[in-house]
Amino acid sequence: VILALLASLAALLPSGGSWSQTSPSAAPGDSAAAISRLLSSTFEKPDSRLLLDPIVVEGKAAVVGWVQGDLAGRAFLRESDGHWAIVACGGDALKDVSTLQRLGLSQAQADRLSAAMAAAEARIDPQRVARFATFGELVEMSGEAHTPANPQRH
């Protein structure tokens, strides 16, 4: 199942596309807009719209809930030197403080991001939130590559 999801994600990548995008500002609203542009330009197709909600930013890290057709999940992104990059895709693991710490966040940052994600998801359709879990196991990506880097099962 994971390989099928990865193949689906890879197939959605445009030729010459990128998993990162420059962010002109570190302000949360600007960061959310940069993240939205990155994910939309990378994965959206005219016949397959990408719904991104919620987009929760905590400093230089973010978690995004996404739905595209029959696929859904969460993405963890990190900002470095003005560029946002997709670090991992997954389901419920990306709400977990220990997972966020393993991905490089401090305990305090992971706590804040997890709490903010829970609050944001509480404001949207519970059926859509339930779909985020269907992605399954965490898949770590290479922030600069066009394809996932050695998916790791956790």
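Residues numbered from 1 in each chain as written. Predicted model: local features only at pLDDT ≥ 70, side-chain atom pairs only at ≥ 80, totals over all residues. Heavy atoms only, no water.

Trainee: How should the side chain of Glu121 be read in this particular structure?
Mentor: Note that Glu121 resides in helix H4 (residues 107–122). Look at Glu121 and you get buried, because its relative accessible area is 7%. Looking at Glu121, its side chain comes within polar contact range of the side chain of Arg74, at 2.8 Å. Setting aside anything within four residues of it in sequence, one finds Glu121 in contact with Pro54, Arg74, Lys95, Val129 and Phe132. (Helix = DSSP H or I, 4+ residues; strand = E, 2+ residues; numbered from the N terminus. Buried < 20%, exposed > 50% of the residue type's maximum accessible area, 1.4 Å probe, protein only. Polar contact = N/O pair within 3.5 Å; in protein donor to acceptor, adjacent residues only side chain to side chain. Contact = heavy atoms within 4.5 Å.)

Trainee: I tried to follow the pattern of salt bridges on my own but got confused; where do I start?
Mentor: Pairs can form between side chains of opposite charge once their charged atoms are near each other. What the rule picks out here adds up to 7 salt bridges. Notably, a salt bridge pairs Asp92 with Arg74, separated by 2.9 Å at the nearest N-O pair. With Asp92 in the loop between strand E5 (83–90) and helix H3 (97–102) and Arg74 in strand E4 (residues 71–80), the pair connects residues that are 18 residues apart, well separated along the chain. Salt-bridge contacts for Glu140 lead to Arg102; the nearest nitrogen and oxygen are separated by 2.7 Å. With a gap of 38 residues between them, Glu140 in strand E6 (residues 139–140) and Arg102 in helix H3 connect regions that are remote in the sequence. Judged by relative accessible area, which is 18%, Glu140 ranks as buried. Among the charged side chains, a network of salt bridges with common partners joins Arg74, Asp92 and Glu121. (Salt bridge = Lys/Arg side-chain N within 4 Å of Asp/Glu carboxyl O.)

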